Each structure stands twice: as structure tokens, then as C-alpha cells.
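# Descriptive structure summary
Here is what each chain is made of, one letter per residue.
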Amino acid sequence: MFDVLVSLLDLDHRQVLDAGCGIGDLARPLAARVDRVDAVDPSAAMLHQGRAMPGGDSANLRWIRGGVEDAPLDPPYGLIVCGDSVHWFDWPVALPLFSRSLTAGGQLALVQRSWLNEPGLRELVVPIYQRHGANPDFEPRGPVQELERRALFHPVGQRSIGPLPWRPTMAALLDCLHSQNGFVIEKMADPDGFDREIANEVDRSAAKDASGAYELTMSVTITWGRPLSP
């Protein structure tokens, strides 16, 4: 995945913006391969955790607290990456900002992870998503297609990687789910009930390794192109 991302970089401008960086799953490894990474997120707790993780103290990694729409950025960037974060942005503000912040040869890369897609398990968890999701008007339309439909993004390439082995604990799996816009704990009517139902189905359907972690898979899709100003 990181080979693909680095291949998209404008080599004359090796500065990267990680928009909605979370704990730096993209920013920390990228910092070892580029000149600078600006990692932006509104959550102080996530930034604090990211700094303490491997690579989080790199001299060329700048952690910035704030929403990407008004954070103190330092363009131009030769690559902007969004890892499972684009759902959170104010699109009519963020995408034109990305367009202005990229170099002429830079790209916006949307990195989307997908989990709990094992045969049989997906059919069990989707009804749980539908019962507990905090976005009752949710439509299963991907952000790439929706951004393109709104004339905010012009995709030029896509690469899928996986499925790859993924060995989360139940706590880590639930953290991944609650990082999604529709399952934010503060927005849900019964987050504890959601957690119990997910845990029951995964316990029944997924094997565990010797450490007690679940033997699951994860896939990654990278879509890149140019952000647009409508």
C-alpha cells in the first residue's frame, strides 16, 4: 500500500498532507519515505496516542490539531492522503482546499479499508449495522462515487490490495467500527447493545489464534485523482 502511495507523489514536492490522520496509521510510515508529513486531526487524544506509537516522534512528522478545513496547513503538497476519514469532511470546503493545496502534479489518494467481509459473517453483521447505525438516512454509496457525482473529485486510478490477514482483539475491532461516522458512540442510541451483538456474532463465526485474537481479513482500496473546485 505504501509503495502505491509513494508512487503517486509529485517527486519535486515530497511533502504529504494526511487529512484526518487519527493515530497516524498512514502518516507515521509515510514519514520515513518522504520529506515531510503534516498529519491533521481534530482529536487531541488520537494525536497524543499517535505521537507515542512507532515513528510518531519523527522529526519530519508535524502533528496538527484541528479540522482540515481550517487547520494551519503549509502547502504545496505533492500528495494528500485520506484514510477512512473523508466521510467526516465538509466536502464543499475541503475538496476545493485540497485542490488549491496540491502541486500541479500532485494527487489526492483516498484509502478505504474494509473488514468483516468474511463469507457468512457479513450477512450477520449488516442487520446489526442497520438497527444501530446513527445515520438513518444512510445510503450505501461510496465516497468516491459521491464526490465524483458532486463534481468535487476526478478519479484517475484505483488499486485494491488484499484480502490480507487481520488479527484484531474484540476491543480493536469495536474501535474500528466506532471510528466510522454512523457508529460514533456519542451519536448512537445504544452503543453497548451494538457492541454486544457484534461480539456475539464474531465470537460465533470467527476462529481465534493462540493469542486470542480473531482470525479475520482486511482489504484496502486506494483511489487517486484530482480534487475539484465546483
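The structure we're discussing is the one just above.
Residues numbered from 1 in each chain as written. Predicted model: local features only at pLDDT ≥ 70, side-chain atom pairs only at ≥ 80, totals over all residues. Heavy atoms only, no water.

### Some thoughts on the layout of surface pockets
Rules: Using a grid of 1 Å spacing that covers the protein atoms alone, one calls a set of points a cavity when a 1.4 Å probe fits there but cannot get out, and a pocket when the set is open and has protein on both sides within 12 Å along at least five of seven lines; lining residues are those with an atom within 4 Å of a point. Grid points are joined across faces, edges and corners, and a volume is the space filled by probe spheres set on the points. Only DSSP runs of H or I covering at least 4 residues are called helices, and only runs of E covering at least 2 are called strands; the numbering of each starts at the N terminus. Note on residue classes: Ala, Val, Leu, Ile, Met, Phe, Trp, Tyr, Cys and Pro are nonpolar, Asp, Glu, Lys and Arg are charged, and everything else, Gly too, is polar.
There is about 1,100 Å³ of room inside the second largest pocket. Around the second largest pocket sit 38 residues that line it, and Gly22, Ile23, Asp41, Met46 and Ser179 are the ones nearest its centre. Elements that contribute at least two residues to the lining of the second largest pocket include exactly strand E2 (36–41), helix H3 (44–52), strand E5 (102–115), helix H7 (170–178) and strand E7 (216–227). Partitioning the lining of the second largest pocket into residue classes produces 20 nonpolar, ten polar and eight charged.

### Let's talk about the state of the cysteines
Selection criterion: The disulfide criterion used throughout: a pair of cysteine sulfur atoms within 2.5 Å.
If you walk through the whole model with that rule in mind, you get zero disulfides. The structure places no disulfide on Cys82, whose sulfur is separated from the nearest cysteine sulfur, that of Cys21, by 11 Å. Sulfur of Cys176: no disulfide; nearest cysteine sulfur belongs to Cys21 and is 16 Å away.

### Here's the deal with helix H4 (residues 91–101)
Convention followed: Under the scheme applied here, a residue whose accessible area is under 20% of the maximum for its type counts as buried, over 50% as exposed, and between as partly exposed, the area being computed with a 1.4 Å probe on protein chains only. Contacts are residue-level and defined by heavy atoms, with any inter-residue pair within 4.5 Å sufficient.
Among the eleven residues that make up H4, eight are buried, leaving the element largely enclosed by the rest of the structure. Contact partners of the buried residues in H4: strand E1 (15–19), strand E4 (77–83), E5, helix H6 (143–149) and E7.

### Focus: the packing of helix H5 (residues 121–132) against helix H8 (residues 191–205)
Formally: Angles here are taken between N-to-C directions and fall from 0 to 180 degrees, while the axes themselves are lines fitted to C-alpha atoms, restricted in helices to the stretch in contact. Orientation labels follow simple angle bins: below 35 degrees gives roughly parallel, above 145 gives roughly antiparallel, 65 to 115 gives roughly perpendicular, and whatever is left gives oblique.
Taken N-terminus to C-terminus, the directions of H5 and H8 make an angle of 175°; their axes are 10 Å apart at the nearest point. Between H5 and H8, the crossing angle belongs to the class labelled roughly antiparallel. Within the contact between the two elements, H5 uses Leu121, Leu124, Val125, Ile128, Tyr129, Arg131 and His132 and H8 uses Gly193, Phe194, Glu197, Ile198, Glu201, Val202, Arg204 and Ser205. Classifying every residue of the contact of H5 with H8 by side-chain character gives eight nonpolar, three polar and four charged.

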